[in-house]
Amino acid sequence: MKAVQYRSVGAAPEVVTVPRPEPAPGQVLLKVTAAGVCHSDIAVMSWSAQELTFPLPLTLGHEGAGTVAALGEGVTGFEVGDSVAVYGPWGCGACAMCAQGKENYCTRAADLGIRPPGLGAPGAIAEYMIVDDARHLVPLDGLDPVTAVPLTDAGLTPYHAIKTSLPKLTPGSTAVVIGTGGLGHVAIQLLRALTPARVIALDVTDGKLRLAHQVGAHETVLSDEHAAAKVRELTGGLGAQAVFDFVGAQPTVATATACAAVEADVTIVGIGGGTASVGFGSTPYDAAVRAPYWGSRAELIEVLDLARSGAIDVHVETYALDDAPKAYEHLHDGRINGRAVILP
Ligand code: NAD
Ligand code: ZN
Ligand code: ZN
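Residues numbered from 1 in each chain as written. Chains lettered and ligands numbered in written order. Predicted model: local features only at pLDDT ≥ 70, side-chain atom pairs only at ≥ 80, totals over all residues.

Chemist: Please explain the packing of helix H5 (residues 156-165) against helix H6 (residues 182-194) as it appears in this structure.
Modeler: Helix-helix packing is characterised by the crossing angle of the two axes and by the distance between the axes. The contact between H5 and H6 brings their axes to 9 Å, and the two run at 45 degrees. Classified by the angle their axes make, H5 and H6 are oblique. Crossing of H5 over H6 shows right-handed handedness. In contact with Thr157, Pro158, Tyr159 and Ile162 of H5, H6 contributes Leu183, Val186, Ala187, Leu190, Leu191 and Leu194. Class assignment for the residues of the contact of H5 with H6 results in 9 nonpolar, 1 polar and no charged. (Axes fitted to C-alpha atoms, helices over the stretch in contact; angles between N-to-C directions. Helix = DSSP H or I, 4+ residues; strand = E, 2+ residues; numbered from the N terminus. Parallel < 35°, antiparallel > 145°, perpendicular 65-115°, else oblique. Left-handed = near helix turned anticlockwise from the far one by under 90°. Contact = placed C-beta atoms within 7 Å. Nonpolar A, V, L, I, M, F, W, Y, C, P; charged D, E, K, R; others polar.)

So this is what it looks like as structure tokens:
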């Protein structure tokens, strides 16, 4: 079968032919129907050999959807042909975090060598993929795999981030979204669907801000050194009750904390390497800074339910499997509007 692999440190991803995998007992083989392309892969492909925490070659893709092609021995609850989404942050299934469905915070995954598909285990940008356990599948139940597949990360990650801050997002409040790409353009829609907050979106190009506006942002602001002052101006000097940074670079983290109101939540989702300085007098009273990772199994079910209600319209740009390396290039160059989705 064809697969798109990151094969050696610093090299561009390549389309290669690899053996079609067979599901071991307990596993499920999916024929991939759609796979999303996330900016985290670009970060992973920029790491040095020392920073890389898993061996290469790696089949890329941690957003996956497919139809069940074969069930390993002992698997129940799914039939061949079922259309499913893959929950990506695989955990051990047994620790206290996993028992709550928070496999993204599994306390044993690292020790046990359990890694998400596309981030250590073979990923979804291939004709077929192995899912380690049927509990990591969620039925699509009528959702189109092409527009639903980004919900497994570009939907789930902002959903998890926003859910924690819902009590802050009361009528009259403001939420700021920094970086309105794959994750950010879904975050705006989640904020609009789940809260009465006014949403201010920041990005670096007019094209991205147009999409932000189109998907529901009330205000858009160019992300530069004046952005925090503009947010303060738009909020009568108070700042925002919740700020979500989907870039996470030093300038955006600085903007994020500078936008914060008293008692605000500042959530750094992007992995751009920036750090926030928090301290009495340097951040507003009682502001909190968090850096969450992905989301829980229950939250993925909730995000898919929300999509089924019609509240989320993921903007996708589709590519054939052979063109996946081009999709990564376009994402790297900031040329994707919404999410790039590979159709094997
Ligand atoms: P993306 O490339 O689709 O979107 C990033 C957006 O940020 C683009 O629209 C880009 O124009 C914009 N941007 C770049 N520099 C900016 C700046 N200085 N100010 C404002 N906007 C700026 O990326 P994505 O796939 O949505 O991922 C977003 C980030 O989230 C990445 O860092 C990714 O690695 C990270 N991520 C984190 C988690 C997690 O669990 N914490 C999960 C998924 C992705
Ligand atoms: Zn991702
Ligand atoms: Zn666990």
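Chemist: Hey, could you run me through the sheet that holds strand S12 (residues 240-245) in this one?
Modeler: Pairing between the strands of a sheet is mediated by backbone hydrogen bonds and can be parallel or antiparallel. Strand order in the open sheet made by the 6 strands is S11-S10-S9-S12-S13-S14, with parallel pairing throughout. Each having just a single partner strand, strand S11 (219-222) and strand S14 (288-290) make up the two edges of the open sheet. Adjacent strand axes in the sheet meet at a mean angle of 15 degrees when their direction is disregarded. As defined by bridge partners, S12 adjoins strand S13 (residues 260-268) across 5 bridges and the pair is classed as parallel. Within S13, the position partnered with Phe244 by the bridge is Thr267. Along the sheet, helix H7 (residues 206-214) contacts strand S10 (198-203) and S11; its crossing angle with S10, the most-contacted strand, is approximately 165 degrees. (Pairing = 2+ DSSP bridges.)

Chemist: For this particular structure, what's the right way to read the domain arrangement of the protein chain?
Modeler: Quoted interface sizes are often the accessible area lost when the parts come together. Entries for the protein chain in the domain assignment read domain 1 (2-153 + 295-343) and domain 2 (156-290). Centre-to-centre, using C-alpha coordinates, domain 1 lies 27 Å away from domain 2. Facing 24 residues of domain 1, the contacting portion of domain 2 comprises 15 residues. Of all the elements in the fold, those that place two or more residues in the side of domain 1 that touches domain 2 are helix H1 (39-44) and helix H10 (297-308). Of the residues forming the side of domain 1 that touches domain 2, the biggest block, 5 residues, is contributed by H10. For the side of domain 1 that touches domain 2, the residue count by class is 11 nonpolar, 8 polar and 5 charged. (Domains from an automatic or database assignment.)

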